[in-house]
Structure formats: C-alpha cells, structure tokens
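# Secondary and tertiary structure notes
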Amino acid sequence: AHPRSCVLAYWHRPRFSSGMHGNYRDLDALWRILAAAHADVVLTGHDHDYERFAPMNADGEANPAGVTQFVAGTGGASHYKFRTPGLTSKVRITGRYGVLRLQLMERAYGWEFMAAPKR
C-alpha cells in the first residue's frame with residue numbers, strides 16, 4: 001500500500017543465495033508478498049560475499065518485472081566461498097571487502113559494488 005513507485009525491503013538472511021548458508025525457504029511467504037506488491041529490491045546479508053540476482057517472480061524464476069535481490073555481506077568478517085550458483089545469480093564476488101552503494105529514486109534505482117582497496 002506504499003504510495004511510492006520504487007520499493008526496497010531489507011532484512012538479514014537472504015531468501016536466495018549461492019553462498020555457504022544457501023536459500024532460506026522460511027522467507028518464502030515474505031518474498032511472495034513483496035513480489036505481489038511489485039517491490040523492486042530486496043537487500044540482504046548473512047552470507048559473507050556479494051551476489052546480485054536477476055529480477056525474479058514469486059517462485060524465484062527470472063522475470064524482468066520481478067524483484068531484484070542483493071546479498072551484501074562483504075563488510076568485515078571472513079569471506080565465504082560460493083556453492084553452485086542459483087539460476088538467476090548474475091554477479092558473485094568473494095574474497096573482497098566492500099559496500100553496496102544504492103541510489104534510490106522515486107521511480108528507479110541504481111547500484112554499484114564498491115570494493116575496498118586490497119591490503
């Protein structure tokens with residue numbers, strides 16, 4: 001029921017992840033609510049890596065009108081390796097610290113993974 005056109009939701013554990021913790025199916029109901037509401041972005045962490053997924057529908061299948069999920073767990077703890085990438089996984093980065101920079105606008109959003117300098 002939010003009046004804005006670009007909607008972002010965030011929480012800790014990812015619904016979808018190719019990282020060591022994997023998918024959290026207990027978040028399926030929440031994902032379905034956001035997909036039905038035409039949310040744009042879900043931002044998560046938990047896995048110590050960076051991953052961006054293609055927009056997905058309520059079943060996690062690629063859909064250009066769906067929700068894009070980011071896993072941004074590159075903030076300071078040890079790094080995790082990836083398991084088999086999910087079908088909609090588009091970008092995966094591990095072994096680098098960094099932040100996800102989001103530009104949120106009324107009807108759109110932009111993003112950039114900004115890696116910290118290597119030591």
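Thresholds, definitions, all that
Residues numbered from 1 in each chain as written. Predicted model: local features only at pLDDT ≥ 70, side-chain atom pairs only at ≥ 80, totals over all residues. Heavy atoms only, no water. Core = buried A, V, L, I, M, F, W, Y, C linked by side-chain atoms within 4.5 Å. Buried < 20%, exposed > 50% of the residue type's maximum accessible area, 1.4 Å probe, protein only. Helix = DSSP H or I, 4+ residues; strand = E, 2+ residues; numbered from the N terminus. Contact = heavy atoms within 4.5 Å. Pairing = 2+ DSSP bridges.

Counting 14 residues, the largest nonpolar core has Trp11, Trp31, Leu34, Val42 and Val67 as its most contacted members. Per-element tally for this core: the top contributor is helix α1 (residues 28–36), with 3 residues. Setting aside its immediate chain neighbours within four residues, Val42 contacts Ala9, Trp11, Trp31, Leu34, Val67, Thr68, Gln69 and Phe70. If you look at the next biggest cluster of nonpolar residues, it comprises 5 residues, including Val41, Tyr50, Phe70 and Leu100.

Looking now at the pairing of strand β4 (residues 68–72). Within β4, 4 of the 5 residues are buried, leaving the element largely enclosed by the surrounding structure. Relative to β4, strand β3 (residues 50–53) is paired through 3 bridges, and the arrangement is antiparallel. If you follow Arg52 over to β4, its bridge partner there is Phe70.

Turning our eyes to something else, we now look at the pairing of strand β2 (residues 41–44). On a regular strand, each side chain points to the face opposite its neighbour's, so the side chains alternate between the two faces of the sheet. Bridge analysis of strand β1 (residues 8–10) against β2 gives 3 bridges, and the strand direction is parallel. The residue bridging Leu8 from the neighbouring strand is Val41, located in β2. Where β2 lies against β4, 4 bridges are found, and the strand directions are parallel. Looking at the pairing, Val42 lines up with Gln69 of β4.

Any link to function would need more than the numbers given here.
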